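Topology and contacts: notes
Below, each chain spelled out in residue letters.
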Number of protein chains: 2
Amino acid sequence: MNISAVERDTGLGKDTLRVWERRYGFPSPARDDNGERVYPAEQVERLRLMKRLIDQGHRPGRLFARSDAELAELCSSRRPSAVASDDPAACLVDHTMQLIRRHDVAALRQSLNQAMMRLGLQRFIVEIVAPMNHAVGEAWMNGEFEVFEEHLYTEQIKALLRQVIGNLPAGSGRPRVLLTTVPEELHVLGLLMVEVLLTLDGASCISLGTQTPVFDIERAATAHQADIVALSFSAAFPGRQLAGVSSQLRQLLPASIDLWLGGSGVQRLPAQTGVVLLSSLQEVVDALAGWRSERAASN
Amino acid sequence: MNISAVERDTGLGKDTLRVWERRYGFPSPARDDNGERVYPAEQVERLRLMKRLIDQGHRPGRLFARSDAELAELCSSRRPSAVASDDPAACLVDHTMQLIRRHDVAALRQSLNQAMMRLGLQRFIVEIVAPMNHAVGEAWMNGEFEVFEEHLYTEQIKALLRQVIGNLPAGSGRPRVLLTTVPEELHVLGLLMVEVLLTLDGASCISLGTQTPVFDIERAATAHQADIVALSFSAAFPGRQLAGVSSQLRQLLPASIDLWLGGSGVQRLPAQTGVVLLSSLQEVVDALAGWRSERAASN
DNA sequence: GTTCATGATATGTCCTGGACAAAACGGATT
DNA sequence: AATCCGTTTTGTCCAGGACATATCATGAAC
């Protein structure tokens, strides 16, 4: 396995792999005839584990020492709280996670659909989907889920939400909301949840998907005569870039267009004039009501 | 814009960007206080164009000379043939592109839906969506579309296809097909089209979305008892890695699981035993029939 | 005991410039 | 036309140095 393949599989950059080798002596790949690194499978596996732990908050320096105590640490770190069985939402979340573990796609689909019907869309999103995303993320970090199990879950939720959006009457009222993420941000789930909530409340949403360059966000907002630009930032978004992106966009956009930032990534962002920070889905609904009453008052 | 951002935006690796600068004098980024490259927007734009042309088969060396004759070349290369107005498909594609230019989301949605109803799903996908994707890609490359216009189109098609998949009866028959892409491949449209076609024909599809590490693809295939693993590679996928990925996966997967590779990226891949290359959507349908008759014969 | 400032350490990313293998090309030959 | 072979092009790898930023640790002030 060459360095490119390892980068692809572990998410660690080439530079990082080389500097770790230089500084810490791990990984210690063999070399081929051409002097290029050839990583054995077990080192790649260990690198993958380390990457996961680092994303979870561990320091690389501490991890190099450990041998397989890591595995114990992985599992023990955040043992999933015994489910409060009197809370139906938590119960459903738990049930769903079991279905994911069993790889039972059909049952998963059906269970989600059923819950949606029973609770109604808004409650389903706010009370089930959002906490479940969180739980699945945690489980994945703890190594309780395989990568593909997390992918499967995400894909099913995306499919469900998109189907729901498609079947809703396309909102034609105000405000007109432009939804997207910046180029470094790949996660679209939060955006979809917001799109459902806003559409339910009669706003008209225009989604550009992920990774729209900031410059193009401004152009799109103007072209579509948006009232609001809503961006989502996951926890994985590099915090240092956040402040820059947000102020840059605020400056590009005309003052008449609101800028809403949401997702778990924005909690680290200091308040800023002219930018609305939304750290929970409930706040999205409230912000929409707020926007409307404000506009009603000023007209 | 620093080198990482440019890599992300253009798809050209850091090494490539630096070696181009060294050898050809382009790009010629400014430097910040720390001596690090800062790329101006217009150079990034040009790099993006070059990348597209290279993916299309042009040689880099030839492109550095041109100034704006490129644009002429771009346009002339596949000048969107004056629409043969007697071809209803081409006509519809043309009409759709006009709607995109007008930013009329509602009309776009309606027009696509209508076409789908009229033609039936399979013909809609093969005769309209696939050529239209191509046309939109071309138009974007030619600068006829803004980035956000292309995003909008892609998002609408994704939403439509996902909605369609959700409303189809979930296939429960054979074969069981696992659909995904490898970590460097972000494009999911091709995968969705294939999913629709396969589901229509009664196969049961399990989609993991994009960017599943090869190692996890194997695990998922085993866990879900897949008969076929289908991967999609866009034209932008680095050709170097393609052969490696495909042979690695072929080796990881048990022989009983077929490996199908599709998308415009695979046309550059030499044939390989045990791997099925599909360069058009029609071939997907044929391959499914082939798989079935083969299994029927061997049982 | 808690909070804050400050210096030390850890860590990822960028840099330069050299090297090489694989792919693409361009003729010459069959 | 098709095939072969030397040449050029082109992307990726390598080494080792540098530096900005994040994190930790120490001590002072409340």
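Bear in mind that the values here come from a model prediction, so they are computed numbers and not experimental data. (Residues numbered from 1 in each chain as written. Chains lettered and ligands numbered in written order. Predicted model: local features only at pLDDT ≥ 70, side-chain atom pairs only at ≥ 80, totals over all residues.)

1. Concerning the overall build of chain A
- Summing up its helical and strand segments, chain A has 13 helices and seven strands in all.
- Summarising its shape, the C-alpha atoms of chain A cover approximately 70 × 45 × 30 Å along the three principal directions.
- For chain A, with 299 residues in total, the buried portion stands at 34%.
- Long-range contacts, defined as pairs at least 24 residues apart, comprise 68% of the intrachain contacts of chain A with a sequence gap of at least 6. (Helix = DSSP H or I, 4+ residues; strand = E, 2+ residues; numbered from the N terminus. Buried ≥ 20, exposed ≤ 12 C-beta atoms within 10 Å, placed from the backbone. Contact = placed C-beta atoms within 7 Å.)

2. Here we look at the nonpolar core
- Formed by 127 residues in total, the largest nonpolar core has its most connected members in Leu178 and Val229 of chain A together with Leu178 and Val229 of chain B.
- Filtering out sequence-adjacent residues up to four positions away, Val229 of chain B remains in contact with Leu178, Ile217, Ala221, Leu253, Ile257 and Leu259 of chain B.
- Leu12, Val44, Leu47 and Leu53 of chain A belong to the second largest nonpolar core, which has seven residues in total. (Core = buried A, V, L, I, M, F, W, Y, C linked by C-beta atoms within 7 Å.)

3. Focus: the interface of chain A and chain B
- Residue-level contacts link 35 residues of chain A with 37 residues of chain B.
- Those elements that place two or more of their residues in the side of chain A that touches chain B are α1 (3-10), α7 (105-119), α9 (147-167), β4 (203-207) and α11 (214-223) of chain A.
- With twelve residues, the single largest contributor to the side of chain A that touches chain B is α9 of chain A.
- In the side of chain A that touches chain B, the residues fall into 15 nonpolar, eleven polar and nine charged. (Nonpolar A, V, L, I, M, F, W, Y, C, P; charged D, E, K, R; others polar.)

4. Some remarks on the protein's contact with DNA strand D
- The environment of DNA strand D is formed by 21 residues, the closest being Ser4 and Arg37 of chain A together with Gly13, Arg59 and Gly61 of chain B.
- It is helix α2 (residues 14-24) of chain B that provides the largest number of residues to the surface near DNA strand D, a total of three residues.
- A breakdown of the residues in the surface near DNA strand D according to their chemical character gives five nonpolar, seven polar and nine charged. (Near = placed C-beta within 6 Å.)

5. A word on the sheet that holds strand β5 (residues 228-232) of chain A
Residue and element names in this part refer to chain A.
- Pairing within the open sheet is parallel, and its five strands lie in the order β4-β3-β5-β6-β7. The open sheet is flanked by β4 and β7 (275-278), the only strands paired with a single partner. Ignoring strand direction, the axes of neighbouring strands in this sheet form an average angle of 25 degrees.
- By the bridge criterion, five bridges tie strand β3 (residues 173-180) to β4 in an arrangement that is parallel. (Pairing = 2+ DSSP bridges. Axes fitted to C-alpha atoms, helices over the stretch in contact; angles between N-to-C directions.)

6. Some thoughts on unusual backbone geometry
Residues and elements named next belong to chain A.
- With an omega dihedral of 0 degrees, the bond running from Phe26 to Pro27 counts as a cis peptide bond.
- Tracing the backbone through its elements, the reader meets Pro27 in the loop between α2 (14-24) and β1 (30-31).
- With a phi close to 60 degrees, His103 is a non-glycine residue in the positive phi region.
- Within the secondary structure, His103 sits in the loop between α6 (88-101) and α7.
- Given 18 C-beta atoms within a 10 Å radius, His103 is considered partly exposed.
- Despite not being glycine, Gln211 shows a phi value in the positive range, around 60 degrees.
- Tracing the backbone through its elements, the reader meets Gln211 in the loop between β4 and α11.
- The exposure class assigned to Gln211 is partly exposed, which follows from the 19 C-beta atoms found within 10 Å.

7. Focus on the relation of the copies chain A and chain B
- Its rotation angle being 178 degrees, the transformation that places chain A on chain B also includes 0.6 Å of axial translation and leaves an RMSD of 2.2 Å. Look at the turn and shift together and you get a two-fold axis relating the two. Every residue of chain A has its C-alpha some distance from the rotation axis, and the shortest such distance is that of Gln163 of chain A, at 2.0 Å.
- Residue by residue, 94% of the interface of chain A is reproduced at the interface of chain B, so both copies engage with the same surface. (Least-squares fit on C-alpha atoms with pLDDT ≥ 70 in both.)

8. A few points about the environment of Gln122 of chain B
Residues and elements named next belong to chain B.
- Inspection of the secondary structure puts Gln122 in helix α8 (residues 121-141).
- Each C-alpha atom, one on Gln122 and one on Glu294, is 23 Å from the other, the two residues being 172 residues apart in sequence.
- Every residue in contact with Gln122, bar those within four places of it in the chain, is listed here: Leu197 and Leu200.

9. A closer look at the domain arrangement of chain A
- Each assigned domain of chain A is listed with its residue range as follows: domain 1 (3-77), domain 2 (88-166) and domain 3 (170-298).
- Distance from the C-alpha centre of domain 1 of chain A to the C-alpha centre of domain 3 of chain A: 37 Å. (Domains from an automatic or database assignment.)

10. Here's the deal with helix α12 (residues 239-252) of chain B
Residue and element names in this part refer to chain B.
- Helix length check: α12 (14 residues) gives 21 Å between terminal C-alpha atoms against 20 Å at 1.5 Å per residue, within 8%.
- Turning to α12, its buried residues are Val245, Ser246 and Leu249. On an axial view of α12, the arc spanned by its buried residues comes to 95 degrees, and they lie on one face. Facing away from the buried side of α12, by more than 90 degrees, are the exposed residues Arg240 and Gln251. (Expected span 1.5 Å × (residues − 1). Arc of directions from axis to C-beta.)

11. Notes on the packing of helix α11 (residues 214-223) of chain B against α12 of chain B
All names here are of chain B.
- Across the interface, α11 lies against α12 with an axial gap of 10 Å and an inter-helix angle of 35 degrees. Taken as a pair, α11 and α12 cross one another with a handedness that is right-handed. Touching Val214, Ile217 and Glu218 of α11 are Val245, Gln248, Leu249 and Leu252, all from α12.
- Its residues placed into classes, the contact of α11 with α12 shows five nonpolar, one polar and one charged. (Left-handed = near helix turned anticlockwise from the far one by under 90°.)

12. Topic: the environment of Gln267 of chain B
Residue and element names in this part refer to chain B.
- Note that Gln267 resides in the loop between β6 (258-262) and β7 (275-278).
- Overall, the presence of 13 C-beta atoms within 10 Å leaves Gln267 in the partly exposed class.
- Residues Gln267 and Gly239, spaced 28 residues apart in sequence, show a C-alpha to C-alpha distance of 9.8 Å.

13. Quick notes on helix α10 (residues 189-200) of chain B
Residue and element names in this part refer to chain B.
- End to end, α10 covers 17 Å across twelve residues, agreeing with the expected 16 Å (1.5 Å per residue, within 8%).
- Among the twelve residues that make up α10, nine are buried, leaving the element largely enclosed by the rest of the structure.
- Following α10 by one or two positions, Gly202 has its phi on the positive side, about 90 degrees.

14. Comments concerning the environment of Phe237 of chain B
- On the secondary structure map, Phe237 of chain B appears in the loop between β5 (228-232) and α12.
- Taking the C-alpha atoms as reference points, Phe237 of chain B and Val266 of chain B, 29 residues apart in sequence, are found 9.0 Å from one another.

15. Quick notes on the pairing of β5 of chain B
All names here are of chain B.
- Of all five residues in β5, five are buried, a share of seventy percent or more.
- Note that strand β3 (residues 173-180) and β5 share four bridges and pair parallel. In the sheet register, Thr180 faces β5, and the bridge partner there is Leu231.
- Sheet topology places β5 next to β6; five bridges connect them, and they run parallel. Note on β6: the bridge partner recorded for Ile228 is Asp258.
- At this point the chain moves from β5, through α12, to the parallel β6, and the crossover so formed is right-handed. (Right-handed = clockwise from strand over helix to strand, strands pointing away.)

16. Examining the sheet that holds β6 of chain B
Residues and elements named next belong to chain B.
- Spatial ordering of the open sheet is given by β4-β3-β5-β6-β7, a layout of five strands whose pairing is parallel. A single partner strand is all that each edge strand has here, and the edge strands are β4 (203-207) and β7. Sheet twist, expressed as the average angle between the axes of neighbouring strands with direction ignored, equals 25 degrees.
- Across the sheet, helix α13 (residues 281-298) is in contact with β3, β4, β5, β6 and β7; its angle to β7 comes to roughly 145 degrees.

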